[in-house]
Amino acid sequence: MNLADQPTVPQSVIGTASTEVDIPFNKLHISRKNTRIKPHSMADIECRAASIMAYGLLNRLQVIPEQGSGTEFGVIAGAGRYLSIELLVQRGLVPEDFPVKCDLRSTDDAIAISLVENANRTAPHEADEFVAFKAMADEGKAPETIAAHFGVNVRTVKQRMRLGGLHPELLDLYRNGQMGVEEVRAFCRTTDQERQLQVWNALPSYYRTAMYIRNKLAQESLGSKDPLVMFVGLDQYRQAGGVVTEDLFSADTGDGFVEDLALLHQLAFDKLRAIADQTAAAEGWSWSDVAESYDRRLHPEFELATPQRREPSEAEQAQLSEMEAQLEHFSEKRDSLYDTLDQLAVDEDPDADEQEAEGAEVAESRAEALQREADDAEEQIERLSASIQALKASFVTYADEVRAAGGIIVALDGRGGVEIVRGLMRRAEPEEGASDQQATGSASMASGIPATTVSGTAIASGSVTGMGFQPAKKERSEISERLALQLSAQRTAVMQAVMMNRPEVAMAATVHRLLEAVTRRHRYIDRDALKISGHSSLDSLHDKAPDLKGMRASDEIKARIDAWRARVPAKPSEEFSWLLSLDAADLHELFALCVALSLDATTGNAATQYGVDIASALQIDVADYWTATEASYFSAVSKDSIIAAVEEACGPGSGMPIVKMKKGEAAKYAEQKLVGTRWLPAMLRAPVEEVPATPAPAEVQQDGGEGAAEQAAESAAPVDGGVTEATVHSAEQSDPAVSVDEEVTA
């Protein structure tokens, strides 16, 4: 209703006007007619006192003439401001007669005015406070200055500044109650607003929780407690130029997120490499390598030599016994401290009154001291455990001939330390009479590990190196785990869409998956793309590739599912008899659909492709179903990768205009440029088919001149200068020492 439509208020009921006066603080007291019963918290009083010191009293106190305790005026509204000024007086920051701005009111209206001022008040939303703190910082105010003006600690200011820097759309969702405070805090893992919004839009509504948000953002950074980060050390990472984003919402003020993963991996590789070199040189091993982790089951190309064990000397045994006793002592001390801390937590009374506040502060101080002692005990336990392990390792020795032929792999142990695997012997033996280079190549190919050299000795490096501490090729490093999952989900959907029309491939793939029952060849690691179960992988594909919705593959699969759902009996008890009644063609079609839906060839590693044999049998062409666009690909890779894609699809020099463009402009330009080219990233290209080697023409075989040889090499070389499976196959035929895995991905 409009105010103009309201009935006229009689003059007799309009409250009396107030008089603005400045009253000395020592003439004021809180009136009994003040309607606020719930007391102000000490934190609120502290904050308000700080703002009064910084900006003065912004809102006048409402007072009435009232005698009490030697004062002349009672505060009917503004008790919080009164208590804040009282705190400043007690601390000697303002005098006792500090002039306080007041509105002098009639005693008759005291209770009504007190209620109106306390009730008719809408506090700003937290999101508005976040934005305001961010704006003050943008104006040049230091966090320390803002903290002093608002009576909060610097960490709180930084938290609000970080929250104020979230994408405006996300803050609006928080204001409107469509997002909780935990979800808002989870987005603070990154300062990239576009990435924040992208993650929110990509998550299905039922996955929009703080945990899933953090997990999505964690794909591009590592926490400071990650074993890899602990191994390298934050100080060393920062000294190398790495960026650490502080985790402002962690209980530990030292927590943060490492942003430059390539630098982190390089530093880890260098550190592991130094340890491996030193250990190999000190112990006399012929080669050494490094890995992020080492699992013996994953590396059947190695066998472990049997070590020789010696008895410790008396001095060594005494030293070992002393360290084990110290370890037991510190373990008992740690457990006792944690028991005490647990008891303190149980004894805490959340409803304790103000008289017990001092005791609570003492208990909190004691808890902090106990926690520091417990942390010190943990450090001693870790130090002693490492020393005991090192001493016990010295009791194990290897024969000279083992060290002369064998080597070691230094890997992370998953806790921020290292594990040294000694006595590794390669199973593959070089051919008699092979040159050093051929022998090295043979061992490398047999183990799947490219050979390099340290101190003149051939060593293995590559696949053993876990996630790749070796500097990765640029084209692989540009594909993040998130983008790899997205692209491989698109590829999987294409495989499903094609397989549901190829029942013979579906049946072969199913039998292949179940063939273990016949061959009894145990799979140590299940890397099969086909997951034989009653569950569909389609929902998970949409989670990994949100842009899959509306794509051709997804629409075709959904249409086939809907068609068959309409035919399946409503009662589960009737399903089997209904299946038996289907003709062979229908049964084959349904079989192919069910098998196709169970297929999941997604991967977060761009260098790995699952289901290559199935994709090859289906003869899929992802370009029939997927197109590289700004949203689907180019926005997630670097400008260099965008230029490379344009030049690969449109010819050399076609990517030059991109050099001076911003990233967003470059992505849009590439999308327009590649229309109709059917260009695909390497992850989505069809597997390379094996082609038998073609004998050289007779005239070339007869002519041994250099020109003929060069001409033959030119005609056999692939267009892009890379190594194809056909060229490797030719090498395999000419050199029996070279072997190639059956699966070769594009």
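For the structure, see preceding data.
These lines cover the structure that appears in this document, whether it is placed above or below. (Residues numbered from 1 in each chain as written. Predicted model: local features only at pLDDT ≥ 70, side-chain atom pairs only at ≥ 80, totals over all residues. Heavy atoms only, no water.)

## Things to note about the packing of helix H1 (residues 42–55) against helix H2 (residues 79–90)
The angle between the axes and the distance between the axes are what describe a pair of packed helices. Look at H1 against H2: their axes get within 8 Å of each other, and the N-to-C directions meet at 75°. Judged by the inter-axis angle, H1 sits roughly perpendicular to H2. Here Met-42, Ile-45, Glu-46, Arg-48, Ala-49, Ile-52 and Met-53 of H1 come into contact with H2, specifically with Gly-80, Arg-81, Leu-83, Ser-84, Ile-85, Leu-87 and Leu-88. (Axes fitted to C-alpha atoms, helices over the stretch in contact; angles between N-to-C directions. Helix = DSSP H or I, 4+ residues; strand = E, 2+ residues; numbered from the N terminus. Parallel < 35°, antiparallel > 145°, perpendicular 65-115°, else oblique. Contact = heavy atoms within 4.5 Å.)

## Points about the pattern of salt bridges
Side-chain pairs of opposite charge can arise whenever the charged atoms involved come near each other. Considering all chains together, one arrives at 27 salt bridges under this definition. For Asp-335, the salt bridge goes to Arg-334, with nearest N and O atoms at 3.3 Å. The salt bridge involving Asp-624 is made with Arg-678; its shortest N-O contact spans 2.6 Å. With Asp-624 in the loop between helix H26 (612–618) and helix H27 (639–650) and Arg-678 in the loop between helix H28 (663–673) and helix H29 (698–702), this residue pair connects regions lying 54 residues apart in the sequence. Assessed through its relative accessible area of 37%, Asp-624 is described here as partly exposed. Residue classification places Arg-678 among the partly exposed residues on the basis of a relative accessible area of 46%. Taken together, the salt bridges that share partners define one network made up of Glu-20, Arg-60 and Asp-103. (Salt bridge = Lys/Arg side-chain N within 4 Å of Asp/Glu carboxyl O. Buried < 20%, exposed > 50% of the residue type's maximum accessible area, 1.4 Å probe, protein only.)

## Structural notes on unusual backbone geometry
The backbone phi angle of Gln-619 is positive, close to 55°, even though this residue is not glycine. With relative accessibility at 63%, the residue Gln-619 sits in the exposed group. Although it is not a glycine, Arg-678 sits at a positive phi angle of roughly 60°.

## Description of the sheet that holds strand S3 (residues 61–68)
In a beta sheet, neighbouring strands pair by backbone hydrogen bonds and run either parallel or antiparallel. Sheet architecture is open: 5 strands sit in the order S1-S5-S3-S4-S2, paired in mixed fashion. The open sheet is flanked by strand S1 (19–24) and strand S2 (28–30), the only strands paired with a single partner. Within this sheet the neighbouring strands show an average axis-to-axis angle of 50°, counted without direction. Sheet topology places S2 next to strand S4 (residues 71–77); 3 bridges connect them, and they run parallel. (Pairing = 2+ DSSP bridges.)

## A word on the packing of aromatic side chains
Aromatic ring pairs are described here by two measures, namely the spacing of the ring centres and the angle between the planes. Considering all chains together, one arrives at 9 aromatic pairs under this definition. Plain terms: the ring middles of Phe-634 and Trp-679 are 6.3 Å apart, the flat faces sit at 20° to each other, and that makes the pair stacked. Here the residue Phe-634 occupies a position in the loop between H26 and H27, and Trp-679 occupies one in the loop between H28 and H29, the gap between them amounting to 45 residues. Here Phe-634 and Trp-679 have matching classes, each one buried. Every member of this aromatic cluster is reached through a ring pair, and the members are Tyr-633, Phe-634 and Trp-679. (Phe/Tyr/Trp six-rings, centres within 6.5 Å; stacked < 30°, edge-to-face > 60°.)

## Some details on a nonpolar patch on the surface
Residues Phe-576, Leu-579, Leu-580 and Leu-587 make up a contiguous nonpolar surface patch of about 400 Å² in total accessible area. Looking at the nonpolar patch, the element that brings in the most residues is helix H24 (residues 575–581), giving 3 residues. With respect to the helices, strands and loops of the structure, Leu-579 is situated in helix H24. Its relative accessible area of 31% is what places Leu-579 among the partly exposed residues. (Patch = residues over 30% accessible without salt bridge, like charges linked within 9 Å, V, L, I, M, F, W, Y side chains within 5 Å. Areas by Shrake-Rupley, 256 points an atom, 1.4 Å probe, with all protein chains shown as cover.)

## Re the packing of helix H4 (residues 126–138) against helix H6 (residues 154–164)
For the pair H4 and H6, the least separation of the axes is 7 Å and the interaxial angle reads 100°. Relative to H6, H4 is oriented roughly perpendicular. Of the residues in H6, those in contact with Glu-129, Phe-130, Val-131, Phe-133, Lys-134 and Ala-137 of H4 are Val-157, Arg-160, Met-161, Leu-163 and Gly-164. Partitioned by chemical class, the residues of the contact of H4 with H6 number 7 nonpolar, 1 polar and 3 charged. (Nonpolar A, V, L, I, M, F, W, Y, C, P; charged D, E, K, R; others polar.)

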